[in-house]
Amino acid sequence: MQLKNSLFLLTALTAGSAVARMHGHERRHAHHHLQHEEKRAVGDIVYANFNGVWKSWINEFSGVTSTTSASGSTPTTASSGTSVVTVSAVPTASSGPTVTTPGSCKEWHAFQDGDNYTREGFGNKTMNNGEKYIKYIGNVGDPYGSNIIEVSESKACEYKHVIRIDGSEKETWTIAFWNKMGPDLKLTGWYGNAVLTLKINPGESKYVAFDDDSQGAWGAAKGDSLPKDQYGGYACTWGEFDFGNTSNEGWSGWDVSAIQAQMAGLDVQGMRICTHDNQKCSAISNLAKLVENAYTALEAGVDGIGGEWTAGALRLVVNIDYE
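Residues numbered from 1 in each chain as written. Predicted model: local features only at pLDDT ≥ 70, side-chain atom pairs only at ≥ 80, totals over all residues. Heavy atoms only, no water.

1. Observations regarding the confidence of the model for the chain
Our working rule: Confidence scores here are pLDDT values: one per residue, from the predictor, ranging 0 to 100. Between two residues, a contact is recorded if the distance between any of their heavy atoms is within 4.5 Å.
Here the chain averages 78 in pLDDT, while 71% of its residues score no lower than 70. Across residues 2-40 the pLDDT falls below 50, and counting only partners more than four positions away or on other chains, this stretch makes 121 contacts in the model.

Below, the structure is given as structure tokens:
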């Protein structure tokens, strides 16, 4: 996917995502291992999920126990952490922000006059960090994940950035959405940190709205959950998105990527993402027999693949189980 003047390209989600492609494979592979092998330094913020509630604290344990106290007499052990702070819970796999109030839309993809769009159901918008490319942190929602919400068909046109997901004709599929940055504000969004998960039955359509300056992806797979790789990352076909990027004058972009599934040696699920009028598309068929303006492992180092859109409202149609 290529945005305006190639100044900012989608998200650093995988080796195949646009920003990571600009900075090379190695960072992505190293990141996999860092998730499980890095040691916490004194002063690092540590995050953990306790019964669905994310907690954080400042690490004060260096890994070395002192042999004496300050007085030189009694053995002591360094504290394992203090200042525990409770932060907003990440939605579970069966939940997520949903707006159920009736809307006024005659057509879900209609545009509003004067760029007058609602934010009903979204949380507070978080400010971006001013960094570039892979280090960029946009809007992750406050509470975390409240920048991505399910809406009704009659309400969809009232939001600025909306997708319609059309289900398989044969089986029930699971669609999970996550931010590029996880609740620790690192590149951990796809390590089990989905903020909205939907079940889509055969022939069913669902609608999801995204707040401005949201970067992330969704994954789709048959059954009740998404497959994962050996590191715990979602290993299926992804739809990568960047809606209303503040650092790129409000431009948006998207692409379909099978890189994670292929790197894990798993099946590639079919997915097609197009503007509602089919002007611009990115697609991969089941088992990657057909690839159109999308990423497979072979294109992981290639730039400029996918769709882009000027500043303003965007409506996308997502077909899963695409043949």
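2. A few points about the environment of G239
Under the convention used in this document: Secondary structure elements follow DSSP: runs of H or I of four or more residues count as helices, runs of E of two or more count as strands, with numbering from the N terminus. Note on exposure labels: buried denotes an accessible area under 20% of the residue type's maximum, exposed denotes more than 50%, and partly exposed covers the range between, all computed with a 1.4 Å probe on protein chains only.
Relative to the assigned elements, G239 resides in strand β10 (residues 237-243). The class of G239 is buried, set by a relative accessible area of 0%. Residues G239 and M271, 32 residues apart in the sequence, show an inter-C-alpha distance of 7.8 Å.

3. Let's talk about unusual backbone geometry
Here the residue pair D142 and P143 is connected by a cis peptide bond, since its omega of 10° sits within 30 degrees of zero. Here P143 is to be found in the loop between β3 (82-86) and β4 (148-151). At D115, a residue that is not glycine, the phi angle is positive and equals roughly 55°. Structurally, D115 can be placed in the loop between β3 and β4. Phi is positive for N293, which is not a glycine, with a value near 55°. Secondary-structure assignment places N293 in the loop between β14 (291-292) and β15 (307-309).

4. Considerations on empty space enclosed by the protein
In this approach the atoms are scanned with a rolling probe the size of a water molecule, which exposes any empty space left behind. The cut-off we apply is this: Think of a 1 Å grid over the protein atoms and nothing else: a 1.4 Å probe that fits but is trapped marks a cavity, an open set flanked by protein within 12 Å on at least five of seven lines marks a pocket, and residues with an atom within 4 Å of a point count as lining. Grid points are joined across faces, edges and corners, and a volume is the space filled by probe spheres set on the points. Residue classes follow a fixed rule: Ala, Val, Leu, Ile, Met, Phe, Trp, Tyr, Cys and Pro count as nonpolar, while Asp, Glu, Lys and Arg count as charged, and any other residue, Gly among them, counts as polar.
Applying the stated criterion to the full structure yields two cavities of 30 Å³ or more. Counted as a void, the second largest cavity has a volume near 30 Å³. Partitioned by chemical class, the residues of the lining of the second largest cavity number three nonpolar, four polar and one charged.

5. Brief notes about the pattern of salt bridges
Opposite charge on two side chains lets them pair, provided their charged atoms get close. Cut-off, in case you're wondering: When a carboxyl oxygen of Asp or Glu lies within 4 Å of a side-chain nitrogen of Lys or Arg, that pair is called a salt bridge.
Scanning all chains against the criterion turns up eight salt bridges. Between E171 and K222 there is a salt bridge, and its shortest N-O distance comes to 3.3 Å. Within this pair, whereas E171 is found in the loop between β5 (161-166) and β6 (173-179), its partner K222 is found in strand β9 (residues 214-222), the two being separated by 51 residues in sequence. Classification of E171 by relative accessible area gives partly exposed; the value is 35%. Owing to a relative accessible area of 47%, K222 belongs among the partly exposed residues under this scheme. A salt bridge links K280 to E308; the nearest nitrogen and oxygen atoms lie 3.2 Å apart. With a gap of 28 residues between them, K280 in the loop between β12 (271-275) and β13 (281-284) and E308 in strand β15 connect regions that are remote in the sequence. For K280, a relative accessible area of 27% puts it in the partly exposed group. The network of salt bridges with common partners includes D115, K160 and D212.

6. A few points about the state of the cysteines
So the rule is basically this: Here, a disulfide means two cysteine sulfur atoms that sit within 2.5 Å of each other.
Counted according to the given criterion, the structure contains two disulfides. Note on cysteine connectivity: C105 is disulfide-linked to C157, with sulfurs 2.0 Å apart. Between C105 and C157, the disulfide has an S-S torsion of -95° and is therefore left-handed. Of the two residues, C105 sits in the loop between β3 and β4 while C157 sits in the loop between α3 (153-156) and β5, which places them 52 residues apart along the sequence. What makes C105 buried here is its relative accessible area of 13%. Note that C274 is cross-linked by a disulfide to C281, the S-S spacing being 2.0 Å.

7. What about the sheet that holds β10?
Heads up, the rule is: At least two DSSP bridges between two strands are needed for those strands to be called paired. Every axis corresponds to a line fitted to the C-alpha atoms, with the helix fit spanning only the stretch in contact, and the corresponding angles, defined between N-to-C directions, vary from 0 to 180 degrees.
An order of β7-β6-β9-β10-β11-β15 is seen for the six strands of this open sheet, with the pairing classed as antiparallel. Looking along the sheet, the strands with just one partner apiece sit at the ends: β7 (196-200) and β15. Taking each pair of neighbouring strands and ignoring which way they run, the sheet shows an average axis angle of 15°. Bridge count for β10 against strand β11 (residues 252-257) is five bridges, and the pairing is antiparallel. Residue pairing across strands places W238 opposite S257, the latter belonging to β11.

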